[in-house]
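Chain residues, written in single-letter form:
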Amino acid sequence: MSVRFYFILFYSFFLSLMEFYISNSTAGHRHYPHHVLLIVEMMPLPFLFFNCGKIASSIVNSIFLFLIIVDSIVSYKCKEVTDENIIAIFGTNNTEMLSMVYAVGLFPLFLFLFSILFFSFLFYKFGRLNKNHAKLSLFLLIPLIVNISFVLNKTLSDKKITRTFDVASQIRFEIPGIFGDMLFGILISLHSSDPLYATPLIRHNIVDPSVNKKGDNKVHNVIFIMGESSLATHYGVYGYKISNTTPVLDAYKKQGKICVIKNSHSAANMTRSSVPMTFSFFSPTKQNALLTEKNIIEMAQDQNYKTFWISSQDGTGAYARNYGYISEFSDYVVRGDLNNFENGINRAKDDTLLPIIKKKFADPAAYKFYVIHIYGSHQNYDDKVTPQDIKELPQSSTYDQSIHHTDRLIGQIIDMAKQELGDFSLIYTSDHGEVVGVGHGIQFGGYDQYIVPFLIYDQTNEYCKIAEKFEENRGYYSSLVNKYIILSMLGYNFSESDIERFIPDDIILHSDSKVYNYKSIPR
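Residues numbered from 1 in each chain as written. Predicted model: local features only at pLDDT ≥ 70, side-chain atom pairs only at ≥ 80, totals over all residues. Heavy atoms only, no water.

Draft legend 1. Representation of the overall build of the protein within the structure. Along the backbone of the protein there are 22 helices and eleven strands. By the compact-globule yardstick of 24 Å for 523 residues, the protein fits well, its C-alpha radius of gyration being 25 Å. Principal-axis analysis of the C-alpha atoms places the extent of the protein at approximately 85 × 55 × 45 Å. When burial is assessed residue by residue, the protein has 57% of its 523 residues classed as buried. Pairs at least 24 apart in sequence give 74% of the contacts found in the protein among residues at least 6 apart. With the model as given, the accessible surface of the protein reaches about 22,900 Å², and the carbon-plus-sulfur share is 61%. Charged side chains in the protein number 47 positive and 50 negative. The centres of these two groups are separated by 5 Å. (Helix = DSSP H or I, 4+ residues; strand = E, 2+ residues; numbered from the N terminus. Rg over C-alpha atoms; globule rule 2.2 N^0.38 Å. Buried < 20%, exposed > 50% of the residue type's maximum accessible area, 1.4 Å probe, protein only. Contact = heavy atoms within 4.5 Å. Areas by Shrake-Rupley, 256 points an atom, 1.4 Å probe, with all protein chains shown as cover. Lys, Arg positive; Asp, Glu negative; His and termini not counted. Charge placed at Lys NZ, Arg CZ, Asp CG, Glu CD.)

Here's what the structure looks like:
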């Protein structure tokens, strides 16, 4: 037997082990005979690649090795890889990708790329153009081809499965591993018929049944700042002592200008689900409401508010589209990927929003509703801080420095609101928490990825009472209440008992797309 034969055999065995690890990490899938069958069916694949010529062997083997290593790293980090995790990866924009690469470090990245190049050379060296062996390998791959074809035909012809996401999810479940993950990613990236991308936007006529009373008690200017990846237990205003992360909010709390809800949690651990829960009637058990019912932007417009969505985050792509869709109902919208030619928003740099916010605060409309969506403390934390944050917290972690930066940003927005708006109420919270140094959207990440700050700058104290009463009665505050506090500010009347009735259970939508009671999340 030649060195080439043993190398191909070893490489095939290595790929089989990686495939087993990846398929075994597919959330919700534990059908081991199916795993083994797929691995056996895949084994002739490297032999086919190596017998298609040197150049083809080098290119195809290198791409396949790259994909399977990346998928293995994701499996290792997430423990159980959910559909939402794959969507997050395929929905990552260039700015986020560079930020994450920087977080990993240049040396590991260099080592990884060097390894791929080294193996690419070996793939070239051991590549041969042997048509007979290629035909034999292709013949041995017939069971794999038939298996994948059968799953695709069965799923695509199932009239009960209509949404692209559901089709992709079912295929990934039936074909766990590298092929299922890649097919899932490709399918969710094809959105030509997805109503979330319809142009022009189709406005909604149906109002959620929970909204049936309007009044005249409206706040002239409503500001909602949606943070990112912010863990409340790292906020000084929540009692954090290691670093002075929130001097601005601490001062406002001492002055009695803001109310701080102590036990607040998000209803999802990923942005694509949590943000729509605040700005629409999308909920863990009512996800179709995003497309069927009026969202909070439309409800504000019905009350004669001029609406603004100002964001350093994107709103397109498989991951971001849920909230990008809502943003485009606004009278004015600017994001990192939309209407940004002259505005100069730098993705992930929240300070670049300030000139636009100041300009739009000066708009002469009598009633205005502002959504300000920031990058906050999303990984990589280093590029979310400035020299000032480092100077004021020199011994602190970059995560704490990023919270300090958000604290300063909130202070600047409040100062501008005082100067330009006069009568205003402001809410600040985060889309979800963070397992510091690890991330969020993790199947067994625990409660840190749900615990969020929630505070209101409320000159009347009327809206603070709604949040405080809910927390007092339940022992917690859920982000599912957010929309009702906003709507109350917009002039829709809700009693405290109404809100209690609308949210009977403390439920969350986890990263595996399943609904859990908050006390029973996977750990």
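Draft legend 2. Geometry of the state of the cysteines. Taken as a whole and assessed by the stated rule, the structure comprises one disulfide. Each sulfur in the disulfide pair cysteine 259 and cysteine 464 lies 2.1 Å from the other. Across the disulfide from cysteine 259 to cysteine 464, rotation about the S-S bond amounts to roughly -90°, and the bridge is consequently left-handed. A residue pair is termed long-range when its members are at least 10 positions apart, and cysteine 259 in strand E2 (residues 258–260) and cysteine 464 in helix H20 (residues 462–474) qualify at 205 residues. Per residue, the accessibility class of cysteine 259 equals that of cysteine 464, and both read buried. (Disulfide = S-S within 2.5 Å.)

Draft legend 3. Layout of helix H1 (residues 3–24). Compared with the 32 Å implied by 1.5 Å per residue over 22 residues, the 31 Å span of H1 between its first and last C-alpha is a close match. Those residues of H1 that fall on the buried side of the exposure criterion are Arg4, Phe7, Ile8, Tyr11, Ser12, Leu15, Ser16, Glu19, Ile22 and Ser23. (Expected span 1.5 Å × (residues − 1).)

Draft legend 4. Spatial organisation of the packing of helix H9 (residues 142–156) against helix H10 (residues 164–174). Where H9 contacts H10, the two axes come as close as 10 Å, and the packing angle between them is 150°. Taken together, the axis directions place H9 and H10 in an arrangement best described as roughly antiparallel. In this structure, H9 meets H10 at a crossing whose hand is right-handed. Between H9 and H10, the residues in contact are Val151, Leu152, Lys154, Thr155 and Leu156 and Val167, Gln170, Ile171 and Glu174, respectively. Looking at the contact of H9 with H10 residue by residue, the class counts come to five nonpolar, two polar and two charged. (Axes fitted to C-alpha atoms, helices over the stretch in contact; angles between N-to-C directions. Parallel < 35°, antiparallel > 145°, perpendicular 65-115°, else oblique. Left-handed = near helix turned anticlockwise from the far one by under 90°. Nonpolar A, V, L, I, M, F, W, Y, C, P; charged D, E, K, R; others polar.)

Draft legend 5. Main features of the nonpolar core. Among the nonpolar cores identified, the biggest contains 68 residues, and Phe279, Phe369, Ile456, Ile485, Leu487 and Leu490 are the most heavily contacted of them. With six residues, the top contributor of residues to this core is helix H16 (residues 317–327). Beyond its immediate chain neighbours, meaning those up to four positions away, isoleucine 456 contacts Lys257, Ile258, Cys259, Leu426, Ile427, Tyr463, Cys464, Ala467, Ile485 and Met489. If you look at the next biggest cluster of nonpolar residues, it comprises 37 residues, including Ile223, Ala417, Leu455 and Tyr457. (Core = buried A, V, L, I, M, F, W, Y, C linked by side-chain atoms within 4.5 Å.)

Draft legend 6. Spotlight on the pattern of salt bridges. Summed over all chains, the structure comprises 17 salt bridges. The partner of lysine 154 in a salt bridge is glutamate 174, with the nearest N and O atoms 3.4 Å apart. Placement of the pair is lysine 154 in helix H9 and glutamate 174 in helix H10, with a sequence separation of 20 residues. For lysine 154, a relative accessible area of 37% corresponds to the partly exposed category. Lysine 294 is the salt-bridge partner of aspartate 302, the closest N and O atoms lying 2.7 Å from each other. Look at the salt bridges and you will find they share partners, linking Arg321, Glu328, Arg335 and Asp337 into a network. (Salt bridge = Lys/Arg side-chain N within 4 Å of Asp/Glu carboxyl O.)

Draft legend 7. Representation of the packing of helix H5 (residues 83–90) against H10 within the structure. Viewed as axis vectors pointing N to C, H5 and H10 meet at an angle of 115°, and their least axial separation amounts to 11 Å. Taken together, the axes of H5 and H10 are roughly perpendicular relative to one another. Our pair here, H5 against H10, has a crossing hand that is right-handed. When H5 is examined against H10, the residues Asp83, Glu84, Ile86 and Ile87 are found in contact with a partner set consisting of Phe165, Ser169 and Arg172. Among the residues forming the contact of H5 with H10, the class breakdown is three nonpolar, one polar and three charged.

Draft legend 8. Molecular detail of the sheet that holds strand E8 (residues 454–457). Within the open sheet, the seven strands sit side by side as E2-E8-E7-E1-E6-E4-E5. Their pairing is mixed. With partners counted over all chains shown, the strands left at the sheet margins are E2 and strand E5 (332–334), one partner each. When strand polarity is set aside, the average angle formed by the axes of neighbouring strands in this sheet is 10°. For strand E7 (residues 425–430) and E8, the ladder comprises four bridges, and the chain directions are antiparallel. Its bridge partner lying in E8, leucine 426 is registered against tyrosine 457. (Pairing = 2+ DSSP bridges.)

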